[in-house]
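Here's the letter readout for the chains.
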Amino acid sequence: MVGSSKESMYNHIPKKVPQSNDAVFLHVTSNNTIYGTQWKTFPTPKNPNGYLVADMSSDIFSRPIDVSQFGLIYAGAQKNMGPAGMTLVIVRDDILGKVDREIPTMMNYQTHIDKGSMFNTPPVMSIYGVNRSLHWLKDNGGIQAIEEKNKRKAEKLYYEIDRNPLFKSPIPQEDRSLMNVPFVFADGGDEEGFLSFCDHRGLKTLKGHRSVGGFRASIYNAMPEAGVDALIQAMQDYTV
Ligand SMILES: *Cc1c(COP(=O)(O)O)cnc(C)c1O
């Protein structure tokens with residue numbers, strides 16, 4: 001572990017990462033789903049022969065990325081792609097096959113590459129769901145358009161969090177996630193009360209992750225702008 005903001009409840013992206021010269025890879029999580037931080041630009045591995053690996057589970061297809069910056073990208077389907085049950089992997093050919101120790105068959109990417117991702121029975125419903133949502137994404141202007149929409153959604157929600165004296169964001173502006181927006185009461189308060197106020201308006205699962213408390217609005221690609229507007233309205237209508 002070369003960079004972390006653990007000492008401050010993971011509330012920011014570490015800016016100075018002391019890397020070793022001979023590290024084979026540098027791993028980042030592009031978007032921290034629980035704490036709501038997001039890498040806006042990615043760090044470069046110090047080792048010129050090293051490569052960047054990213055868990056992009058919670059922000060894949062939410063913004064354009066330069067795939068050539070990475071040796072390996074992996075992402076579970078269930079946030080921005082479709083139903084749980086499948087994982088997307090993008091791996092650079094030249095980093096494969098470099099390990100001497102025995103890798104269990106199932107854990108070896110080459111197994112899946114050789115079998116066209118059908119070494120075992122594929123979860124066809126999940127894959128079909130992802131196919132539909134990728135078509136939806138394409139039909140709605142693709143990644144560029146969804147990024148603009150995601151920015152608009154997040155900006156107006158953060159604006160309300162900053163403006164509304166009842167609430168505050170634990171995350172500094174420059175590291176705020178466009179996908180997961182955590183917020184807390186500025187001066188404490190009845191969290192269950194706000195959650196049930198929202199629940200009555202059809203605004204569900206706003207409870208923060210069990211490890212952090214407070215509130216968290218996950219506004220993945222599939223969340224329409226109207227959903228964000230409804231939350232903002234609830235925040236404005238809520239009185240203690
Ligand atoms: C949701 C999530 C995971 C966990 O995915 P599982 O399929 O539940 O194991 C891992 N990493 C990130 C960044 C996530 O958002």
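Note that the structure is a prediction, hence the values are computed from the model and not measured.

Bringing the environment of P64 into the picture now. Checked against the element boundaries, P64 lands in the loop between strand 4 (51–55) and strand 5 (70–76). Judged by relative accessible area, which is 39%, P64 ranks as partly exposed. Considered as a pair, P64 and Q144 are 80 residues apart in the sequence and their alpha carbons are 6.7 Å apart. Residues in contact with P64, not counting those within four places in the same chain, are I143, Q144 and E147.

Even without a glycine there, the phi angle at M9 is positive, about 55 degrees. Within the element layout of this structure, M9 appears in the segment before strand 1 (25–29). Residue M9 is classed as partly exposed on the basis of its relative accessible area of 46%. Its identity is not glycine, yet T205 carries a phi of approximately 45 degrees, on the positive side. Its relative accessible area of 74% is what places T205 among the exposed residues.

Okay, the packing of aromatic side chains next. Considering all chains together, one arrives at 15 aromatic pairs under this definition. Between the aromatic rings of F185 and F215, the centroid separation amounts to 5.2 Å while the plane-to-plane angle is 85 degrees, which identifies the pairing as edge-to-face. Of the two residues, F185 sits in strand 8 (residues 180–185) while F215 sits in strand 9 (residues 215–218), which places them 30 residues apart along the sequence. Here F185 and F215 have matching classes, each one buried. On the basis of an interplanar angle of 75 degrees and a centroid distance of 5.0 Å, the ring pair of F194 and Y238 is categorised as edge-to-face. Residue F194 is located in helix 4 (residues 191–200), and its partner Y238 is located in the segment after helix 5 (225–237); the two are separated by 44 residues in the primary sequence. By way of ring pairs, the aromatic residues F167, F183, F185, F194, F197, F215 and Y238 are connected into one cluster.

Time to look at the sheet that holds strand 5. Strand order in the open sheet formed by four strands is 1-4-5-6, with mixed pairing between adjacent strands. In this open sheet, the two strands that pair with only one neighbour each are strand 1 and strand 6 (87–91). Pairs of neighbouring strands in the sheet enclose a mean axial angle of 10 degrees, with direction left out of account. Two strands pair when backbone bridges link them, and strand 5 and strand 6 are joined in this way by five bridges, in the antiparallel orientation. Bridging from a neighbouring strand, Y74 pairs with V89 of strand 6.

Let us look at a nonpolar patch on the surface. A cluster of nonpolar side chains, V89, Y109 and I113, forms an exposed patch at the surface whose accessible area comes to about 220 Å². Mapped onto the elements, I113 comes out in helix 1 (residues 109–114). Using a relative accessible area of 41% as the deciding quantity, one classes I113 as partly exposed.

This next bit is on helix 2 (residues 124–139). With 16 residues, helix 2 extends 22 Å between its outermost C-alpha atoms, agreeing within 8% with the 22 Å of an ideal straight helix rising 1.5 Å per residue. Every buried residue belonging to helix 2 is among S126, V130 and L137, and all of these are buried. Along the long axis of helix 2, the arc covered by the buried residues comes to 35 degrees, so they all point the same way. Away from its buried face, by an angle of more than 90 degrees, helix 2 presents the exposed residues V124, M125, K138 and D139. Buried-residue contacts for helix 2 involve helix 3 (142–163). Once helix 2 ends, the next one or two residues include G141, with phi positive near 100 degrees.

A separate point is the domain arrangement of the protein. In terms of domain boundaries, the protein breaks down into domain 1 (6–139) and domain 2 (142–237). The C-alpha centroid of domain 2 is placed 26 Å from the C-alpha centroid of domain 1. Of the roughly 2,100 Å² buried at the junction of domain 1 and domain 2 (both faces included), carbon and sulfur atoms supply 56%. Counting across the interface, domain 1 meets domain 2 through one salt bridge. K15 is the salt-bridge partner of D175, the closest N and O atoms lying 2.8 Å from each other. Listed by contribution, the elements that provide at least two residues to the side of domain 1 that touches domain 2 are strand 2 (31–32), strand 3 (37–38) and helix 2. Among the elements that make up the side of domain 1 that touches domain 2, the one with the highest residue count is helix 2 (three residues). Class assignment for the residues of the side of domain 1 that touches domain 2 results in eight nonpolar, eleven polar and six charged.

Rules used throughout
Residues numbered from 1 in each chain as written. Predicted model: local features only at pLDDT ≥ 70, side-chain atom pairs only at ≥ 80, totals over all residues. Heavy atoms only, no water. Helix = DSSP H or I, 4+ residues; strand = E, 2+ residues; numbered from the N terminus. Buried < 20%, exposed > 50% of the residue type's maximum accessible area, 1.4 Å probe, protein only. Contact = heavy atoms within 4.5 Å. Phe/Tyr/Trp six-rings, centres within 6.5 Å; stacked < 30°, edge-to-face > 60°. Pairing = 2+ DSSP bridges. Axes fitted to C-alpha atoms, helices over the stretch in contact; angles between N-to-C directions. Patch = residues over 30% accessible without salt bridge, like charges linked within 9 Å, V, L, I, M, F, W, Y side chains within 5 Å. Areas by Shrake-Rupley, 256 points an atom, 1.4 Å probe, with all protein chains shown as cover. Salt bridge = Lys/Arg side-chain N within 4 Å of Asp/Glu carboxyl O. Expected span 1.5 Å × (residues − 1). Arc of directions from axis to C-beta. Domains from an automatic or database assignment. Buried area = accessible area lost by both parts, 1.4 Å probe. Nonpolar A, V, L, I, M, F, W, Y, C, P; charged D, E, K, R; others polar.

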